[in-house]
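Coordinate analysis (summary)
Residue-level listing of the chains:
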Amino acid sequence: MNPESNIIAKSRWLNQAKFLFLFVLSSAAMLASAQEAHKVITIETRHNAMALQVGANKRVSMIYFGHKLAHSDEYANIPSLRRQGTDPSGIANSAYTPAGSRNLLEPAIEVTHANGNTSLDLQYVSDQTQNEANNVSTTSIVLKDPVYAFTVTLYYRVYADDDVVEQWSVIKQTEKGNVTLHKFASANLYLTANSYWLNQFHGDWAREMQPQESELTAGIKTLDSKLGTRTDLFQPPSFMVSFDKPATEDEGKVLLGSLEWSGNFKIDLEVDPTKNLRLIAGMNPYASEYSLKPGEEFKTPAFLYTYSEEGKGNASRNLQRWARDFQIVDGKGARLTILNNWESTFFDFNETKLAALLKDTKKLGTDVFLLDDGWFGNKYPRNSDNAGLGDWKENKAKLPSGIGYLVKEAQNNDVKFGIWIEPEMVNPKSELNEKHPDWVIKQPNREDYLYRNQNVLDLSNPKVQDFVFGILDNLFTKNPQLGFIKWDCNAVIYNAYSAYEKKQSHLYIDYVRGLYSVLARVRAKYPKVPMMLCSGGGGRVDYGALKYFTEFWPSDNTDPLERVFIQYEYSYFYPAITSDNHVTDWGKQPIKFRTDVAMMGKLGFDIMVSKLNADELQFCQQAIQTYKGFSDVVWHGDQYRLLSPWQNDLASVLYLSEDHSKSIMFNYLVSNRYDAGSHLPIPLKGLNPDKRYTVKEVNLYPGTKSAINETLIFTGDFLMKVGINPVVNAHRASVILEIDEVK
Ligand code: GLA
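Please read these numbers as outputs of a predicted model, since none were measured by experiment.

1. Some details on the overall build of the protein chain
Looking only at helices and strands, the protein chain has 13 helices and 35 strands in total. If one aligns the C-alpha atoms of the protein chain with their principal axes, the spans along those axes are about 120 × 70 × 50 Å. Within the protein chain, counting contacts between residues at least 6 apart in sequence, those at least 24 apart form 68% of the total. In the structure as shown, the protein chain presents an accessible area of about 30100 Å², 51% of it carried by carbon and sulfur atoms. Between the mean site of the 79 positive side-chain charges and the mean site of the 88 negative ones, the protein chain shows a separation of 3 Å.

Take a look at the structure:
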């Protein structure tokens, strides 16, 4: 063989080897992508699962949501069994529906790229799951546009034991200029059933959490808020969806969802042409186009949900447990009972009056005295709600010796001192408004328009954030013994305009981010101090804010009859330990009824102690001690709703300790009709059938006798199948029973 043919043979051999190598490589890649193409990603909790499938076209779709299957390889069979009609787009069940390419329905995300193009396609790149402690894990799925340098990562944080999932997305672009986000959902679920029943809540001041249930019909039903602040005034971001039929307390398939965001929200529930339910939840894109720089990330708030096939009660216990274990501040800790002065004095107080109230706090037996609105402002004294907001210095006429004196007086009386602030707000009649008009949200060229005589400060501005943080920080620096904060937020945003923002459409979102950044600073420096989240009642009750608070004020409506309903509905989403319930002079019920209602949560008082007669005072004093004896069960136990006030003469609610040894049953008459009351025994729930229990009545009014035979011993089996009669009637309109294991 001549050298030349030798070289040719060698190169032929080399070429063949190269071909073989490339063939093996590309086959491997094809195999990998074929596997990838059918890959099913499951997001599993203890009982439930969501299955996401990577399609042949690399688009990720949701193929299952419900009780988890025993064999995860069977999820892939589900799509072929459905005959619901056609989806010409092929992406109606997208795990995160992009707008502008083939989508025909409500999108989860809509953008304008740096070059002005408005299309988006999202294809699977990778996924991974990271395990954390306590049965918590986070799965992330990276999606990328094949044409643009634009990615979305979907996050699913699973709290397996609680059957709870938090879902959010992180949007990132590395294009050659800014990209505009027009819509940016947190979650996009695709749910399948024969029918869907939405339980939503509406309200207004003093009318929070009014439930309404209806069947979802074809098209979109939207739950939203555009109020900017105090965003839950008309509607909170919490809701339930039942599948196939309305779920009851203990039966039926139901999803409880909520957005962890204190700003504008939008939750779309779209029954699509194939009769599936597309649930898209996130910050409201209304007036909120967001410009994203190259390399910048946009993180959405979490959409929180739990799913149960054993009715709403089970779902609510899941959420309550999750909140105590993972979300609220000090969820496993104790709480302080309060004497507040708002209803008893309003703005009309001085040092002498407060010193007397501090003595009354001690006499009554609550842990803390909470000084409400009206303690500040000098040039414009805060003697009504039309002046002084923003000027956080003690009013010299009312409090010549300052807050420090009151904190000391509290200490002398062996109680803690708490204080009200509304740091995000400003009255036009204030020194703050005169000094920093540019810190106020309002249109520069339009007539000012106020809500409760006040404007909202521009928390998108870092200087305003510092100011708001400083209000708290100063109070604590001067008074390290301060034991409680009530953080209020009474106004909505009118005339949304920021002198700070370069892009006005960023204001609604940056406001809430600014607020959270202040609250994070507060918590970094003062991790444990109890703080009540208030917003003219329950105008801001969501888990985005509650991450920084120990509790919330459900409503300014403290009429105990109304409260039975309001507290009952909040409890589906929030544990009793977070619900501040105060005994006030609202309503016509006797003090026993008012106190019993307030005990179903975190007990407090807002009454003139000096005006109580001897029996009333003795009753309240004893009630606080009784409450301290069982509050651990109410705060940390499981809640079971036994009778709903909406369908019965009485409401009945039970709290059960984790070890099933003790429960507290609250019963309230809610009807005035002739002979209304508990005619039959009420079956209890959650007890251990094999344990034996005694039943006794607690919190009796002085001089009254119980109608309950305390000597009887019942098995848990009996109490759950037959029940106990609390003997509620017009003469015994509220009854609290304590059920103790016989050991
Ligand atoms: C809001 C709160 C009340 C009280 C007042 C004070 O309405 O909900 O509890 O603090 O503000 O102005």
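2. Quick notes on the site of the ligand
What surrounds the ligand is a group of 13 residues, the closest being Asp372, Asp373, Lys486, Asp488 and Asp556. Side-chain polar atom of Asp372 to an oxygen atom of the ligand: 2.7 Å apart, as the coordinates give it. In this structure, Arg452 approaches the ligand through a side-chain N or O atom, which is 2.9 Å from an oxygen atom. Its residues placed into classes, the shell around the ligand shows four nonpolar, three polar and six charged.

3. Quick look at helix 12 (residues 614–636)
Here helix 12 contains 23 residues, and its C-alpha end-to-end distance of 33 Å stays within 8% of the 33 Å for a straight helix at 1.5 Å per residue. Of the positions making up helix 12, those classed as buried are Leu617, Phe619, Cys620, Ala623, Ile624, Tyr627, Phe630, Ser631, Val633, Val634, Trp635 and His636. The opening residue of helix 12, the one whose side-chain oxygen lies 3.1 Å from the backbone nitrogen of Asp615, is Asn613.

4. Examining the side chain of Ser498
Mapped onto the secondary structure, Ser498 falls in the loop between strand 25 (484–487) and helix 8 (507–525). Classification of Ser498 as buried rests on a relative accessible area of 1%. At 2.6 Å, the side chain of Ser498 forms a polar contact with the side chain of Asp458. Here Glu501 takes part through its backbone nitrogen, which lies 2.8 Å from a polar atom of the side chain of Ser498. Non-local contacts of Ser498, meaning those with residues more than four positions away in its chain, are made with Asp458, Ser460, Gln504 and Leu507.

5. Details of the nonpolar core
Considering soluble globular proteins, one finds that nonpolar side chains tend to be buried as a cluster. By size, the foremost hydrophobic cluster in this structure holds 184 residues, and its most contacted members are Trp375 and Phe417. Two domains each put at least three residues into this core: domain 1 (40–77 + 86–327) and domain 2 (643–741). Setting aside anything within four residues of it in sequence, one finds Trp375 in contact with Phe349, Trp392, Lys393, Glu394, Asn395, Leu399, Ile403, Ile419, Trp420, Ile421 and Leu475. Tyr640, Ala676, Val695 and Ile708 belong to the second-largest nonpolar core, a separate cluster that totals 21 residues.

6. Focus on the packing of aromatic side chains
Within the structure shown, the criterion is met by 45 aromatic pairs. Where Tyr159 meets Phe326, the ring centres are 4.7 Å apart and the plane angle is 55°; that geometry is what we call tilted. Taken together, the positions of Tyr159 in strand 7 (residues 150–159) and Phe326 in helix 2 (residues 311–327) put the pair 167 residues apart, joining distant regions of the chain. In this structure Tyr159 comes out as buried when scored by relative accessible area, which is 2%. Where Phe239 meets Phe303, the ring centres are 6.1 Å apart and the plane angle is 15°; that geometry is what we call stacked. Here the residue Phe239 occupies a position in strand 13 (residues 238–243), and Phe303 occupies one in strand 19 (residues 303–308), the gap between them amounting to 64 residues. We note that Phe239, like Phe303, is buried. These aromatic residues form a ring-pair network of at least three members: Phe65, Tyr196, Phe239, Phe243, Phe303, Tyr305 and Tyr307. Taking NZ or CZ as reference, Lys398 lies 4.8 Å from the ring centre of Phe349, over its face.

7. Concerning the sheet that holds strand 26 (residues 531–533)
On the basis of which strands lie adjacent, the open sheet formed by eight strands has the order 27-26-25-22-21-20-29-28 and parallel pairing. Strands with a single pairing partner mark the edges of an open sheet, and in this sheet they are strand 27 (551–552) and strand 28 (580–583). Of the pairings in the sheet, the one linking strand 22 (residues 416–421) to strand 25 comprises four bridges and is parallel in character. Within the sheet, the bridge partner assigned to Trp420 lies in strand 25 and is Lys486.

8. Quick look at the pairing of strand 16 (residues 277–283)
Among the seven residues that make up strand 16, seven are buried, leaving the element largely enclosed by the rest of the structure. Note that strand 9 (residues 179–191) and strand 16 share six bridges and pair antiparallel. Note that in strand 16 the partner of Tyr190 across the bridge is Arg278. As judged from the seven bridges shared by strand 15 (residues 265–271) and strand 16, these two strands associate in the antiparallel manner. Considered in strand 16, the bridge of Asp268 is made with Ile280.

9. Quick word on the sheet that holds strand 1 (residues 40–44)
Taken in spatial order, the three strands of this open sheet run 1-2-3, and their pairing is antiparallel. Among the strands making up the open sheet, the edge pair consists of strand 1 and strand 3 (60–67). When strand polarity is set aside, the average angle formed by the axes of neighbouring strands in this sheet is 20°.

10. Observations concerning the pattern of salt bridges
Once their charged atoms are close, side chains differing in charge can pair, the charge on each being opposite to the other. Under the definition given, this model contains 37 salt bridges. Among the ionic pairs, Lys183 bridges to Asp268, the shortest N-O distance being 3.4 Å. You can see Lys183 sitting in strand 9 and its partner Asp268 sitting in strand 15, a full 85 residues away along the chain. Residue Lys183 is classed as buried on the basis of its relative accessible area, which comes to 7%. Here Lys253 and Asp244 are joined by a salt bridge, their closest N and O atoms 4.0 Å apart. Note on Lys253: relative accessible area 33%, which makes it partly exposed. Through salt bridges that share partners, Glu106, Lys183, Lys266 and Asp268 make up one connected network.

11. A few points about the domain arrangement of the protein chain
Partitioning the protein chain into domains gives domain 1 (40–77 + 86–327) and domain 2 (643–741). The straight-line distance from the C-alpha centre of domain 1 to that of domain 2 is 40 Å.

Conventions adopted
Residues numbered from 1 in each chain as written. Predicted model: local features only at pLDDT ≥ 70, side-chain atom pairs only at ≥ 80, totals over all residues. Heavy atoms only, no water. Helix = DSSP H or I, 4+ residues; strand = E, 2+ residues; numbered from the N terminus. Contact = heavy atoms within 4.5 Å. Areas by Shrake-Rupley, 256 points an atom, 1.4 Å probe, with all protein chains shown as cover. Lys, Arg positive; Asp, Glu negative; His and termini not counted. Charge placed at Lys NZ, Arg CZ, Asp CG, Glu CD. Near = heavy atom within 4 Å. Polar contact = N/O pair within 3.5 Å; in protein donor to acceptor, adjacent residues only side chain to side chain. Nonpolar A, V, L, I, M, F, W, Y, C, P; charged D, E, K, R; others polar. Expected span 1.5 Å × (residues − 1). Buried < 20%, exposed > 50% of the residue type's maximum accessible area, 1.4 Å probe, protein only. Core = buried A, V, L, I, M, F, W, Y, C linked by side-chain atoms within 4.5 Å. Domains from an automatic or database assignment. Phe/Tyr/Trp six-rings, centres within 6.5 Å; stacked < 30°, edge-to-face > 60°. Lys NZ or Arg CZ within 6 Å of the ring centre and 35° of its normal. Pairing = 2+ DSSP bridges. Axes fitted to C-alpha atoms, helices over the stretch in contact; angles between N-to-C directions. Salt bridge = Lys/Arg side-chain N within 4 Å of Asp/Glu carboxyl O.

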